[in-house]
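# Structural features, examined
Below, each chain spelled out in residue letters.
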There are 2 protein chains.
Amino acid sequence: MIQQYPSRLLERAVQEFSQLPGIGRKTALRLVLHLLRQDADDVFQFTDAISRMKEEVKFCKVCHNISDQDVCPICSNDRRDGSTICVVENIQDVMAVENTQQFTGLYHVLGGLISPMDGIGPADLEIESLVSRVSEGHVKEVILALSSTMEGDTTNFYIFRKLAPYDVKISIIARGIAVGNELEYTDEVTLGRSILNRTPFDGK
Amino acid sequence: MIQQYPSRLLERAVQEFSQLPGIGRKTALRLVLHLLRQDADDVFQFTDAISRMKEEVKFCKVCHNISDQDVCPICSNDRRDGSTICVVENIQDVMAVENTQQFTGLYHVLGGLISPMDGIGPADLEIESLVSRVSEGHVKEVILALSSTMEGDTTNFYIFRKLAPYDVKISIIARGIAVGNELEYTDEVTLGRSILNRTPFDGK
């Protein structure tokens, strides 16, 4: 489709928006025209929020989560259990686990998963810093909370090997039927695993 | 769902993004984290494109289309037919008609449709300026190309009444079965209209 923009300024803004993931040119145009209708101050707030975040946001020196300070609010919270580390792929996963309100330990954000297909090796991820945290001796348990994919499994296995020399319990989040899902529609690999990894039922 | 952001800077950027139409908080977070991973210069290009567009873009003095100059490239193009004006709701509609490559006249962008429910009356739209263009006497035909909705029909009727005193042909874009659609699945109002407004068939 030919798309003739009546203004080069508009075209450039649409072009920039359409480089965001999941935003096509039509959506980009809709967003840009929306901004054009807003007050100048609202548009300034929008661009300023992005610029300041990009310039000022930090990554926690301990867990590599995003943070406004050198050490993030989770790592610097004395009331959290420093002996348990939950290893996750990215920042969204920290937020997802936090939202469950079931975990009171600390995190370690890898920044990705090992994926030879995408050229991502262990050295590109925060694995050495995890080993270093464990080697200090305060950590009793490392929980691997990575996606249940080939890349996740590879990364789990690599971390397991790296942590083998240390006296630390390594566990992995349970995989099985999602809560609320019907058995009939669960794929057979998941169902098979959930039978193998069955847990004692205490009647509650 | 509780959503704890690890950084206020991040939270503000997500908040700003989620005010865009059709962007929820989850999508906003994904877009913001994408920008966070980009080079500082790429993020500058993004915010700069939006700021400059907002500050510098103009609206054509003649047709109210978006433009980099006082008069848009369509209105200032001598090779276009100045005696025909196509009336559209917004800038996207200009682009949609232009993309058909079937129209060589000029446009008039109303900036909306009459909608008493939304508090939009004729005075909020560029209708007076359309009447003023027609009153100059060079215009031979006004084509109403508005949406086939209650608001579109109301606006068509209002413009029709406003232009009645002038010696100008007023036409409306054809409504009927969309090209490629099957008769069986066309709604009956559209089908009824397409029978009433049948056109001579010359066998081609």
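These numbers come from a predicted model, not from an experiment. (Residues numbered from 1 in each chain as written. Chains lettered and ligands numbered in written order. Predicted model: local features only at pLDDT ≥ 70, side-chain atom pairs only at ≥ 80, totals over all residues. Heavy atoms only, no water.)

### Some thoughts on helix α6 (residues 150-163) of chain B
Residue and element names in this part refer to chain B. Our working definition: Only DSSP runs of H or I reaching four residues or more are called helices, and only runs of E reaching two or more are called strands; each is numbered from the N terminus. Given the number of residues in a helix, its expected span is that number minus one, multiplied by 1.5 Å. For the exposure calls, accessible area comes from a 1.4 Å probe over protein chains only, and a residue counts as buried if that area is under 20% of its type's maximum, exposed if over 50%, partly exposed in between. The directions from the helix axis to the C-beta atoms are what the arc is built from. Note on contacts: a residue pair is in contact if any heavy atoms of the two residues lie within 4.5 Å.
For α6, built from 14 residues, the straight-helix expectation of 20 Å at 1.5 Å per residue is met to within 8% by its first-to-last C-alpha distance of 20 Å. By the burial criterion, the buried members of α6 are G152, T155, N156, I159 and L163. Buried residues in α6, looked at end-on, bunch into an arc of 105°, giving them a common side. Exposed positions of α6 whose direction lies more than 90 degrees from the buried face are M150, F157 and R161. Of the surrounding elements, those touching the buried residues of α6 are β3 (81-88), α5 (128-135), β5 (141-144) and β6 (169-172).

### Section: the relation of the copies chain A and chain B
Our working rule: Copy-to-copy alignment: least squares on C-alpha atoms, limited to residues at pLDDT 70 or above in both.
Screw-axis analysis of chain A against chain B gives a translation of 0.1 Å along the axis, an RMSD of 0.1 Å, and a rotation angle of 180°. Viewed as a symmetry operation, the transformation between the two copies matches a two-fold axis. Taking C-alpha positions as the reference, the residue of chain A nearest the rotation axis is T47 of chain A, at 2.6 Å. Comparing interface residues between copies, 100% of those in chain A also lie at the interface in chain B; the contact surface is shared.

### Here's the deal with the UniProt feature "zinc finger region: C4-type" (unreviewed entry) in chain A
The following threshold applies: UniProt positions are given in the numbering used here, feature names are shortened, and annotations may be inferred rather than shown by experiment.
When the UniProt feature table is mapped onto this chain numbering, "zinc finger region: C4-type" (unreviewed entry) sits at residues 60-75 of chain A. A distance of 8 Å separates the end C-alpha atoms of residues 60-75 of chain A, which is 0% helix and 12% strand.

### Remarks on the UniProt feature "domain: Toprim" (unreviewed entry) in chain A
Per the UniProt record, the feature "domain: Toprim" (unreviewed entry) sits at residues 83-178 of chain A. Here residues 83-178 of chain A is 33% helix and 20% strand, with 28 Å between the C-alpha atoms at its ends.

### Points about the packing of helix α1 (residues 8-17) of chain B against helix α2 (residues 25-37) of chain B
Residue and element names in this part refer to chain B. Our working definition: Lines fitted to C-alpha atoms define the axes here, with helix axes fitted over just the stretch in contact, and angles between the N-to-C directions of these axes take values from 0 to 180 degrees. Oblique is the label for every angle not falling under 35 degrees (roughly parallel), over 145 degrees (roughly antiparallel), or within 65 to 115 degrees (roughly perpendicular). Handedness of each helix crossing follows the sense of rotation of the near helix against the far helix: counterclockwise by less than a right angle gives left-handed, clockwise gives right-handed. Residues are sorted three ways: Asp, Glu, Lys and Arg are charged, Ala, Val, Leu, Ile, Met, Phe, Trp, Tyr, Cys and Pro are nonpolar, and all the rest, Gly among them, are polar.
Following both chains from N to C, one finds α1 and α2 inclined at 125°, their axes separated by 8 Å at the closest point. Here α1 is positioned oblique relative to α2, judged by the angle of their axes. Relative to α2, the crossing made by α1 is right-handed. Across the interface between the two elements, L10, A13, V14, Q15 and F17 from α1 touch R25, A28, L29, L31, V32, L33 and L35 from α2. Grouping the constituent residues of the contact of α1 with α2 by class yields ten nonpolar, one polar and one charged.

### Section: the side chain of T84 of chain B
Residue and element names in this part refer to chain B. Rule in force here: Distance and chemistry together define a polar contact, namely a pair of N or O atoms within 3.5 Å, with one atom able to donate a hydrogen and the other to accept it when in protein, and with adjacent residues in sequence counting only for side-chain atoms on both sides.
Here T84 shows up in strand β3. Classification of T84 by relative accessible area gives buried; the value is 10%. Side chain to side chain, T84 and D81 meet in a polar contact 2.8 Å long.

### Thoughts on the interface of chain A and chain B
Quick note on the threshold: Here the buried area means the combined drop in accessible surface, using a 1.4 Å probe, for two parts upon being joined, counting both sides. We define a salt bridge as a contact between a side-chain nitrogen of Lys or Arg and a carboxyl oxygen of Asp or Glu at a distance within 4 Å.
Facing 55 residues of chain A, the contacting portion of chain B comprises 55 residues. Of the roughly 5100 Å² buried at the junction of chain A and chain B (both faces included), carbon and sulfur atoms supply 70%. Notably, a salt bridge pairs D48 of chain A with R12 of chain B, separated by 3.1 Å at the nearest N-O pair. For the pair chain A and chain B, the number of links is twelve residue pairs in polar contact (both at pLDDT 80 or more).

### Things to note about the side chain of T47 of chain A
Counting through the fold element by element, T47 of chain A comes out in helix α3 (residues 40-56). Reaching out from T47 of chain A, the side chain makes a polar contact with the backbone oxygen of F44 of chain A at a distance of 3.2 Å. Once residues lying within four places of it in the same chain are set aside, the contact partners of T47 of chain A are T47, I50 and S51 of chain B.

### Regarding the pattern of salt bridges
Opposite charge on two side chains permits them to pair, given that their charged atoms come into close proximity. A complete count under the given rule lists twelve salt bridges over all chains for this structure. Linking E98 of chain A and R80 of chain A is a salt bridge whose minimum nitrogen-to-oxygen distance equals 2.8 Å. Taken together, the positions of E98 of chain A in helix α4 (residues 91-100) and R80 of chain A in the loop between β2 (66-67) and β3 (81-88) put the pair 18 residues apart, joining distant regions of the chain. In this pair, the class of E98 of chain A matches that of R80 of chain A, namely buried. Residue R175 of chain B is joined to D153 of chain B by a salt bridge in which the shortest nitrogen-to-oxygen separation is 3.1 Å. Here R175 of chain B, found in the loop between β6 and α7 (188-196), pairs with D153 of chain B, found in helix α6; they are 22 residues apart in sequence, far enough to count as distant. A residue is classified by how much of its surface remains accessible, and R175 of chain B, at 15% relative accessible area, is buried.

### Observations concerning the domain arrangement of chain A
Which entries qualify depends on this criterion: Reported domain spans reflect what an automatic or database domain assignment gives.
Split into domains, chain A comes out as domain 1 (8-56) and domain 2 (79-173). With centres defined by C-alpha atoms, the gap from domain 1 of chain A to domain 2 of chain A works out at 35 Å.

### Some remarks on the sheet that holds β3 of chain A
All names here are of chain A. Basically, it comes down to this: For two strands to count as paired, DSSP must find a minimum of two bridges between them.
Reading across from one edge, β4-β3-β5-β6 is the order of the four strands in this open sheet, with parallel pairing throughout. Either end of the sheet is taken by a strand with one partner, and the two such strands are β4 (105-109) and β6 (169-172). When strand polarity is set aside, the average angle formed by the axes of neighbouring strands in this sheet is 25°. Here β3 runs beside β4; their pairing, made up of five bridges, is parallel. By the bridge assignment, D81 is partnered in β4 with G105. Relative to β4, helix α5 (residues 128-135) is tilted by about 150°, and along the sheet it contacts β3, β4 and β5 (141-144).

### A closer look at unusual backbone geometry
Residues and elements named next belong to chain A. At H64, a residue that is not glycine, the phi angle is positive and equals roughly 70°. Examined against the element boundaries, H64 turns out to sit in the loop between β1 (58-59) and β2. Owing to a relative accessible area of 17%, H64 belongs among the buried residues under this scheme.

### So, the environment of F59 of chain B
Looking at where F59 of chain B falls in the secondary structure, it is placed in strand β1 (residues 58-59). The partly exposed category is assigned to F59 of chain B, whose relative accessible area is 43%. Once residues lying within four places of it in the same chain are set aside, the contact partners of F59 of chain B are L36 of chain A together with H64, N65, I66, D70 and I91 of chain B.

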